[in-house]
Structures are given as C-alpha cells and as structure tokens.
Amino acid sequence: MRVVLFLLFLLLGSLFASDDTVLVKAKKVGEYVIVDGVNKNPFSVTVSYNASYQNLKSDKKMPMLFVLNPLMKREVLRLHIEKKGFVLKANYTWTIGSKDAKHDNNYIYRLPYKLGTKRRVAQGFNGKFTHYGMSQYAVDFEMPVGTEVYAAREGRVVKTKDDSNIGGVTRSFEKYANYIIIEHNDGTLASYVHLKQYGVVVEEGDQVDRGQLIGYSGITGLTKGPHLHFIVYRAVNGTTRDSFPIKFMSARGIVTEPVTGKWYVAK
Ligand SMILES: [Zn+2]
C-alpha cells in the first residue's frame, strides 16, 4: 500500500520561530492517522492547527486551537483512513502561554526598578512608536544601560535570552532583544525586554519573588534608546496575544495608566 502523507509545517509569529520545541506531527497507526502535539518547553503553549485532507475522516472541525502543557505530548487529532492513498496537508503556528489564562485584574504590580528611585515613562499604553496591536498595554521606562531590573510580580521564569548586543530602530532588530519572561500564577506572562548582554541573573525554571533582582537593562532589540519594555499578556491563538492594562504601585499611590513623559517613584 502506498501512503502519501504531506506534512507542511510552518512556524510563524513566534518569538522562537526557528526552533522545533513545539511539534505537531502525524503518524499512521493501523487504520488511523494520529496527530500528536509535542511541547518540549517548560511553559504552556497555544497552538493553531489547520489541516486539509483526502480519504481521511475526523469529527474535529478545522482549524483547531489547543493548549499544550509544559513538557508534554498528547494526541490532538485522530483521522480514520477511509481509503488507500490518503493525503494530509497541515500547518500550525504557536505562541508562548495558555489561551485559557485569566488575568487577575486586582493585582497591583511593583514598578520594575529599585525602590525609592524614579524613572520616566518613555512610552505608555497605546504608544504610537510600538505600543499597539499585541503590545497595546506595554510600558517603557527610561533607564541607563545596566540599571537593576526587579520582578514586578512573583512567578516562574520560563524563558530568557541575554546573548545579544545588537539594537536599532527598525523592525529587523526586534529579534535581537534580550528578555526575561515570567509566568504568573494566573497563567499570564510578563516580559522584561531590551536587557543588556549577559544581563539576566535568573534561570529558566527559577521561582522568583516580587521585588527580586532579575537582571540589568540595556538597549538590545527594537529600541531608540536605553529603556525597559514591560508587558503582561496571554496567548490568544497560535499567532496573536492580548496584553493587559495593569496597575502599578508608586510612591504617590496606585497608577492605573502610566503617562508618557511622567516620572514614577517605585514603592
Ligand atoms: Zn516598549
């Protein structure tokens, strides 16, 4: 029997577009084609999967959207082989985090720099330079390269990068950003971005406390000047995410919307 199996894998829109840490792969088992999702990462991922096929049958509607828990493999789709010579064409995208995360809107974040020091917001929510779309509720705090960065909320470090020393003002520089991603207990994620080279002092898998020193700011990635880009978000599907308009504690009380150009003292 001749089996024709086309599997086209596309990885798009992911921070880690070139790696193979998330796989959705099909295999023939008896009279079925079984599609397994494999997540080799220590964090949940959200996957969008689409397939078209001939001579196969499934009750699942396409496209599919599902979450793969950390370091897990599970069957996501089973197709019955109706006739010899079946064809399956599939593609998928994935993003870090679970689409099922619900942000705790009562949480008051700590400003991510040393207590008692003040920083100017270079770009707040809905900032015109880069804070739109998926980055709508990001905040940029100006700070010289090498400024201490502290966890704004407790959680688990799920991804870090600090090997880059490249930065610039066009989109092509985006992939050179150093960062720390922390997962909170409500499943949302915080990213601390543009860190300096070798400026990460925590490791993937570490549990960090609110206010713990996690790294040093820099000027890597897409940036005009040295600053810290901070954002809290969740995955929506395999290509997009949603950010949250978070609240911060400052020396003058709770800040519900950091204003571009204003200074805030960490408390
Ligand atoms: Zn930013």
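Cut-offs applied
- Residues numbered from 1 in each chain as written.
- Predicted model: local features only at pLDDT ≥ 70, side-chain atom pairs only at ≥ 80, totals over all residues.
- Heavy atoms only, no water.
- Donors = N, O, S within 2.8 Å, 3.2 Å for Na, K, Ca; no water.
- Tetrahedral: all angles 85-135°; square planar, octahedral: opposite > 155°, others 65-115°.
- Helix = DSSP H or I, 4+ residues; strand = E, 2+ residues; numbered from the N terminus.
- Buried < 20%, exposed > 50% of the residue type's maximum accessible area, 1.4 Å probe, protein only.
- Domains from an automatic or database assignment.
- Contact = heavy atoms within 4.5 Å.
- Buried area = accessible area lost by both parts, 1.4 Å probe.
- Salt bridge = Lys/Arg side-chain N within 4 Å of Asp/Glu carboxyl O.
- Polar contact = N/O pair within 3.5 Å; in protein donor to acceptor, adjacent residues only side chain to side chain.
- Nonpolar A, V, L, I, M, F, W, Y, C, P; charged D, E, K, R; others polar.
- pLDDT = per-residue confidence, 0-100.
- Pairing = 2+ DSSP bridges.
- Axes fitted to C-alpha atoms, helices over the stretch in contact; angles between N-to-C directions.
- Phe/Tyr/Trp six-rings, centres within 6.5 Å; stacked < 30°, edge-to-face > 60°.
- Lys NZ or Arg CZ within 6 Å of the ring centre and 35° of its normal.
- Core = buried A, V, L, I, M, F, W, Y, C linked by side-chain atoms within 4.5 Å.

It is worth spelling out the coordination of the zinc ion at this point. Listed as protein donors to the zinc ion are H131 (NE2), D140 (OD), D140 (OD) and H229 (ND1); their distances from the metal cover 1.9 to 2.7 Å. Seen from the zinc ion, its four donor atoms lie at angles of 53 to 155 degrees, and the figure they make is irregular. Along the chain, the residues donating to the zinc ion fall in the pattern H-x8-D-x88-H. Here H229 lies in strand β19 (residues 227-235) and H131 lies in the loop between β9 (118-123) and β10 (139-142), a separation of 98 residues in the sequence. For H229, a relative accessible area of 11% gives the class buried.

Where interface size is given, it is often the accessible area lost as the parts come together that is meant. According to the domain assignment, the protein chain contains domain 1 (22-96) and domain 2 (108-265). Counting from both sides, the interface comprises 11 residues of domain 1 and, opposite them, 13 residues of domain 2. Roughly 900 Å² is buried in total at the junction of domain 1 and domain 2, and carbon and sulfur atoms are behind 61% of that figure. Scanning the region where domain 1 abuts domain 2 turns up zero salt bridges. Between domain 1 and domain 2 we count five residue pairs in polar contact (both at pLDDT 80 or more) in total. The residue makeup of the side of domain 1 that touches domain 2, split by class, is six nonpolar, five polar and no charged.

The next subject is the confidence of the model for the protein chain. Model confidence for the protein chain is summarised by a mean pLDDT of 92, while 93% of its residues fall at 70 or above. Under a pLDDT of 50 for its full length, residues 1-17 has, in the predicted model, 46 contacts with residues more than four places off or in other chains.

The strand order across the open sheet formed by four strands is β1-β2-β6-β4, and the pairing between neighbours is antiparallel. If you trace the sheet from one side to the other, it starts and ends with β1 (22-29) and β4 (56-57), each paired once. When strand β2 (residues 32-39) meets strand β6 (residues 72-81), the two strands line up antiparallel, connected through eight bridges. Each bridged residue has a counterpart across the sheet, and for N39 the counterpart in β6 is M72.

All right, on to the environment of G124 then. Positionally, G124 belongs in the loop between β9 and β10. Residue classification places G124 among the buried residues on the basis of a relative accessible area of 1%. Taking C-alpha positions, G124 is 12 Å from Y264, a pair spaced 140 residues apart along the chain. For G124, the residues in contact, after removing those within four places along its chain, are H131, A138, P258 and T260.

The strand order β8-β21-β22 describes an open sheet built from three strands, whose pairing is mixed. In this open sheet, the two edge strands, each paired with only one partner strand, are β8 (108-110) and β22 (253-255). Between one strand axis and the next, the sheet turns through 45 degrees on average, direction left out of account.

With that out of the way, let us pick up the packing of aromatic side chains. By the definition in use, this model includes eight aromatic pairs. Here the aromatic cluster, defined as three or more aromatic residues joined through ring pairs, consists of Y107, Y109, Y113, F141, Y192, F230 and F248. Note that R153 overlies the ring of Y107, its terminal NZ or CZ placed 4.3 Å from the centroid. Note that K196 overlies the ring of Y216, its terminal NZ or CZ placed 5.8 Å from the centroid.

Attention now moves to the pairing of strand β21 (residues 247-250). Looking along a regular strand, one sees the side chains alternate between the two faces of the sheet. Only one face of β21 is buried: it carries F248 and S250, and the other face, with K247 and M249, is open. In terms of strand pairing, β8 meets β21 through three bridges, oriented parallel. Across the sheet, residue I108 finds its bridge partner in β21, namely K247. Taken together, the three bridges between β21 and β22 define a ladder with antiparallel strand orientation. In the strand pairing of β22, S250 is matched with G253. In this antiparallel pair of consecutive strands, β21 and β22, the connection spans two residues.

Our next topic: the nonpolar core. Ranked by internal contacts, the top residues of the largest apolar core, which has 35 residues, are V35, V47, Y49 and L88. Taken together, domain 1 (22-96) and domain 2 (108-265) each give at least three residues to this core, which thus spans both.

On to the pattern of salt bridges, then. Taken as a whole, this structure holds 10 salt bridges when the rule is applied. In this structure, D186 engages R153 in a salt bridge whose closest nitrogen and oxygen atoms are separated by 3.1 Å. Taken together, the positions of D186 in the loop between β14 (179-183) and β15 (189-193) and R153 in the loop between β11 (148-150) and β12 (155-161) put the pair 33 residues apart, joining distant regions of the chain. Under the relative-accessibility criterion, R153 is labelled buried at 2%.

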